Amino acid sequence: MVKKSIIDKIRNKSGFICDMDGVIYHGDKILDGVKEFVSWLKSENKKFVFLTNSSERTIKELQGKLFRMGLDVGPEHFYTSALATAAFLQSQKANGSAYIIGEAGLINALYNAGYSSNNIDPDYVVMGEARSYSYEVIEKAVNLVNHGARLVGTNPDLTGPKENGISPATKALISPIELATGKQAYFVGKPNPLMMRIALKRLGVKREDTIIIGDRMDTDIVAGIEAEIDTCLVLSGISTEKTIDEFAYHPHYVIQGVNEIVKNYK
Ligand SMILES: [Mg+2]
């Protein structure tokens, strides 16, 4: 049982940045106590955002996924590495163009940020999780980068969770382009603290009043530490107590899952 004083500190925050996989659900299965946790966030008027490094899905698709699990959450409560990448590119070069390798989540985010698609002389080659991945696409990207397009990846994840296995994620897919061009991609998603800063700005809460809840030491927790936001590791995902010892930093709080924030609370 976690001490009540720790749970109190978490409950007293006014902003919550929650990772999704391993915190809210695992694959297509909602985790214990999540419904109660989301109800509590709403009834206490907390500011909250569900943050994911995956750039594949649009906000509507993420919203639909949670809705099928019985969670009714408005679109303003989601943020993805695709949206962060679009915000980053817009700040670097407004209304630029990109050769986009990715799915609806990334394509929509870039279009909505004023970017256009360009496979002749784009400012950027932008890559996210892509099912439309082929030799021709990689060949195209390599030559565009060699001709001056900047290489940007939505997130540095090597793999993503998949039922009965894993799927290769952005960093694994972008590596051939890096190897062939000798250029390093810039990644916007976690652990880049930029992702947390942009999310914080959208939340409109001071970082001191905010907490990041996540299941990965190498993305969620380090991003929080580098953005100077309190962190809470949940053991409902990929990490165990032992995982913490493998890193030079530690989370501010460790709990079994978000159910501890609301269940049996007296
Ligand atoms: Mg996670």
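Look above for the structure.
Residues numbered from 1 in each chain as written. Predicted model: local features only at pLDDT ≥ 70, side-chain atom pairs only at ≥ 80, totals over all residues. Heavy atoms only, no water.

*Asks:* Describe in detail the packing of helix α4 (residues 81-92) against helix α5 (residues 104-112), supporting the description with residues and values.
*Replies:* Packing of α4 against α5 leaves a shortest axis separation of 8 Å and a crossing angle of 30°. When the axis of α4 is compared with that of α5, the two are roughly parallel. As α4 packs across α5, the resulting crossing turns out to be right-handed. Contacts between α4 and α5 involve A82, L83, A86 and L89 from the former and G105, L106, A109 and L110 from the latter. (Axes fitted to C-alpha atoms, helices over the stretch in contact; angles between N-to-C directions. Helix = DSSP H or I, 4+ residues; strand = E, 2+ residues; numbered from the N terminus. Parallel < 35°, antiparallel > 145°, perpendicular 65-115°, else oblique. Left-handed = near helix turned anticlockwise from the far one by under 90°. Contact = heavy atoms within 4.5 Å.)

*Asks:* Hey, could you go over the environment of K4 for me, with residue numbers and the actual values?
*Replies:* Tracing the backbone through its elements, the reader meets K4 in helix α1 (residues 4-11). For the pair K4 and E260, spaced 256 residues apart in sequence, the C-alpha to C-alpha distance is 9.8 Å.

*Asks:* Got a sec to walk through the coordination of the magnesium ion? Specific residues and values, please.
*Replies:* The protein atoms that coordinate the magnesium ion are D19 (OD), D21 (O) and D215 (OD), at distances of 2.0 to 2.2 Å. Expressed as a motif, the donor residue spacing for the magnesium ion is D-x1-D-x193-D. Separated by 196 residues along the polypeptide, D19 in strand β1 (residues 15-19) and D215 in the loop between β13 (210-214) and α9 (217-226) bring together distant segments of the chain. Under the relative-accessibility criterion, D19 is labelled buried at 9%. (Donors = N, O, S within 2.8 Å, 3.2 Å for Na, K, Ca; no water. Buried < 20%, exposed > 50% of the residue type's maximum accessible area, 1.4 Å probe, protein only.)

*Asks:* Now, about the pairing of strand β11 (residues 165-168): what can you tell me, with residues and values included?
*Replies:* As defined by bridge partners, strand β10 (residues 159-162) adjoins β11 across four bridges and the pair is classed as antiparallel. Its bridge partner being in β11, T159 is matched across the sheet by P168. Once β10 ends, the chain turns through two residues before running back antiparallel as β11, passing N164 with a positive phi of about 60°. (Pairing = 2+ DSSP bridges.)

*Asks:* Before we move on, can you summarise the sheet that holds strand β7 (residues 116-117) with the specific residues and values?
*Replies:* A sheet is described by the order of its strands in space; here five strands give the open sequence β7-β6-β8-β9-β12, paired in parallel fashion. What marks the edges here is a single partner per strand, and that holds for β7 and β12 (186-187). Relative to β7, strand β6 (residues 97-101) is paired through two bridges, and the arrangement is parallel. By the bridge assignment for β7, A98 is matched with S117. This element, helix α6 (residues 135-146), spans β6, β8 (124-127) and β9 (150-153) of the sheet and lies at about 150° to β6.

*Asks:* Describe the packing of α6 against helix α7 (residues 170-181), with residues and values.
*Replies:* Between α6 and α7, whose axes approach to 9 Å, the crossing angle comes to 45°. As judged from the angle between their axes, α6 and α7 are oblique. Between α6 and α7 the crossing geometry is right-handed. Across the interface between the two elements, I138, A141, V142, V145 and N146 from α6 touch L173, P176, I177, A180 and T181 from α7.

*Asks:* How would you explain the pairing of strand β14 (residues 230-234) if you had to name every residue and give the values?
*Replies:* The buried fraction of β14 amounts to four of the five residues, a majority that puts the element mostly inside the structure. Sheet analysis places β13 next to β14, joined by four bridges and oriented parallel. By the bridge assignment, I212 is partnered in β14 with T231. Bridging between β14 and strand β15 (residues 253-255) involves three bridges; their strand directions are parallel. Residue pairing for β15: C232 is matched across the bridge by Y253.

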